[in-house]
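So the chains spell out like this:
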Amino acid sequence: MIDKDRYINILKELGSNAKLIAVSKYQSLEDIRALYDIGQRDFAENRVQSLLERRESLPEDIRWHLIGHLQTNKVKSIVSFVSMIHAVDSQKLLEAIQAEAAKMNRQMNVLLQMHVAREETKFGLDETELFEIIALYQKGNYPNIQLCGMMGMATNSDDESIVSNEFAHIQALFSKVKMQLNNEAFCELSIGMSGDYRIALKHGATMIRVGSLLFLK
Ligand SMILES: *Cc1c(COP(=O)(O)O)cnc(C)c1O
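Residues numbered from 1 in each chain as written. Predicted model: local features only at pLDDT ≥ 70, side-chain atom pairs only at ≥ 80, totals over all residues. Heavy atoms only, no water.

Asker: Describe the site of the ligand, and please don't skip the residues or the numbers.
Answerer: In the vicinity of the ligand, the residues found are Val23, Lys25, Asn46, Ile67, Met151, Met153, Met193, Ser194, Arg209, Val210, Gly211 and Ser212. Contacts to the ligand include Ser194, whose side-chain N or O atom sits 2.5 Å from an oxygen atom. Arg209 is positioned with one of its side-chain polar atoms (N or O) 2.9 Å from a nitrogen atom of the ligand. Summarising the interface, the protein chains cover 85% of the accessible area of the ligand, which totals 390 Å² for the free molecule. (Near = heavy atom within 4 Å. Polar contact = N/O pair within 3.5 Å; in protein donor to acceptor, adjacent residues only side chain to side chain. Areas by Shrake-Rupley, 256 points an atom, 1.4 Å probe, with all protein chains shown as cover.)

Quick look at the structure:
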């Protein structure tokens, strides 16, 4: 079951400042369809396999986002249709996306994932890697990549100050890169999930990736 009231309230909270990306992982096709029927079009999965399966059974006008770690050997299977890849966490992955996007003659929208959380298990770039990629991008190395912004996950913590500091850190890096690129398309900050999206909004989130809050158990 979907939590329709919650969905509508979140949309109200976001207004025109940020977009809701509905994370459909673990949810049934019926529930995803119910959310679609009340107007949601942006959906996200964290695994390539589920993304491929769900896409087959759901309406074609859904914009699919991949938000989880992507292995280079799986890039090929999604580049033809995916709307945005949120979790680019290495130069190697970006190069693989560039190669496949070039073959298909399309521009691929990507976000660079930053590692800011305390958990070592979380993926993402550090600051040095980030600016290496930005330099290559500015040199023209990735003609089929549209860098749309940055993504990050905060530490899973009840301590709001930890989460807030981490989002502030990504926001500062985002502003710095935005200045350097001076490119209108670099405008998305994908931070915030069910437990911390309100904190993310205070730090300039333009996309929140919310799953569990939208669905009733
Ligand atoms: C699962 C997931 C989310 C959504 O998590 P909820 O807590 O269910 O809102 C957001 N981002 C990523 C990368 C995820 O894997």
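Continuing now.
Asker: How would you summarise the nonpolar core if you had to cite specific residues and measurements?
Answerer: Judged by nonpolar contacts, the single largest core of 65 residues is most densely connected at Ile97 and Met150. Examining the composition of this core, we find that seven residues originate from one element, helix H7 (residues 160-181), more than from any other. When residues no more than four places from it in sequence are discounted, the contact partners of Ile97 are Leu70, Val75, Ile85, Val88, Met108, Val110 and Ile145. Counting residues in hydrophobic clusters, the runner-up holds nine residues, among them Ile21, Ile67, Met84 and Met207. (Core = buried A, V, L, I, M, F, W, Y, C linked by side-chain atoms within 4.5 Å. Buried < 20%, exposed > 50% of the residue type's maximum accessible area, 1.4 Å probe, protein only. Helix = DSSP H or I, 4+ residues; strand = E, 2+ residues; numbered from the N terminus. Contact = heavy atoms within 4.5 Å.)

Asker: Quick one: what's the story with the pattern of salt bridges, residue by residue and with numbers?
Answerer: Counted by the stated rule, this structure contains eight salt bridges. Residue Arg198 is joined to Glu13 by a salt bridge in which the shortest nitrogen-to-oxygen separation is 2.8 Å. One end of the pair, Arg198, is in helix H8 (residues 197-202); the other, Glu13, is in helix H1 (residues 4-14), with 185 residues separating them in the sequence. Residue classification places Glu13 among the partly exposed positions, given a relative accessible area of 32%. Across the pair Asp61 and Arg41 runs a salt bridge whose closest N-O atoms are separated by 3.3 Å. Placement of the pair is Asp61 in the loop between helix H3 (48-57) and strand E3 (63-66) and Arg41 in the loop between helix H2 (29-37) and strand E2 (42-45), with a sequence separation of 20 residues. Owing to a relative accessible area of 24%, Arg41 belongs among the partly exposed residues under this scheme. Linked through salt bridges whose partners overlap, the residues forming this network are Lys19, Asp42 and Arg63. (Salt bridge = Lys/Arg side-chain N within 4 Å of Asp/Glu carboxyl O.)

Asker: Account for the environment of Leu189, with residues named and values stated.
Answerer: Assignment of secondary structure puts Leu189 in strand E7 (residues 188-190). Each C-alpha atom, one on Leu189 and one on Ala200, is 9.3 Å from the other, the two residues being eleven residues apart in sequence. Each residue touching Leu189, except ones within four places of it in the same chain, is listed here: Met150, Ile170, Gln171, Phe174, His203, Gly204, Ala205, Thr206 and Met207.

Asker: Residues and numbers for the packing of helix H6 (residues 127-138) against H7, please.
Answerer: The geometry of H6 relative to H7 is characterised by a closest axis approach of 11 Å and an angle of 20° between their N-to-C directions. In this view, H6 runs roughly parallel relative to H7, as classed from their interaxial angle. Crossing handedness for the pair H6 and H7: right-handed. When H6 is examined against H7, the residues Glu127, Leu130, Phe131, Ile134, Tyr137 and Gln138 are found in contact with a partner set consisting of His169, Leu173, Lys176, Val177, Gln180 and Leu181. In terms of residue class, the contact of H6 with H7 is made up of seven nonpolar, three polar and two charged. (Axes fitted to C-alpha atoms, helices over the stretch in contact; angles between N-to-C directions. Parallel < 35°, antiparallel > 145°, perpendicular 65-115°, else oblique. Left-handed = near helix turned anticlockwise from the far one by under 90°. Nonpolar A, V, L, I, M, F, W, Y, C, P; charged D, E, K, R; others polar.)

Asker: So what's going on with the side chain of Ser190? Residues and values would help.
Answerer: Mapping Ser190 onto the fold places it in strand E7. When neighbours within four sequence positions are excluded, Ser190 is seen to be in contact with His86, Leu111, Met150, Met151, Gly152, Met207 and Arg209.

Asker: Describe the packing of aromatic side chains, listing the residues and the values that go with them.
Answerer: If you walk through the whole model with that rule in mind, you get two aromatic pairs. Here Phe43 and Trp64 contribute two aromatic rings whose centre-to-centre distance is 6.1 Å and whose plane-to-plane angle is 45°, an arrangement assigned as tilted. Placement of Phe43 in strand E2 and of Trp64 in strand E3 is noted, with a sequence separation of 21 residues between them. Between Phe174 and Phe186, the aromatic rings sit 5.3 Å apart at their centres with planes inclined by 25°, giving stacked as the arrangement. Note that Phe174 is positioned in helix H7 and Phe186 in the loop between H7 and E7, a separation of twelve residues in sequence. Over the face of the ring belonging to Tyr36 we find Arg41, whose NZ or CZ atom lies 3.7 Å from the ring centre. Geometry around Phe81 places Arg55 over its ring, the cationic atom sitting 3.9 Å from the centre. (Phe/Tyr/Trp six-rings, centres within 6.5 Å; stacked < 30°, edge-to-face > 60°. Lys NZ or Arg CZ within 6 Å of the ring centre and 35° of its normal.)

Asker: Tell me about unusual backbone geometry, and name the residues and values.
Answerer: Even without being glycine, Tyr26 reaches a positive phi, approximately 70°. With respect to the element layout, Tyr26 can be found in the loop between strand E1 (19-23) and H2. Of note, Asn182 is a non-glycine position whose phi angle comes to about 50°, a positive value. One can find Asn182 in the loop between H7 and E7. Of the residues examined, Asn182 reaches a relative accessible area of 69% and is grouped as exposed.

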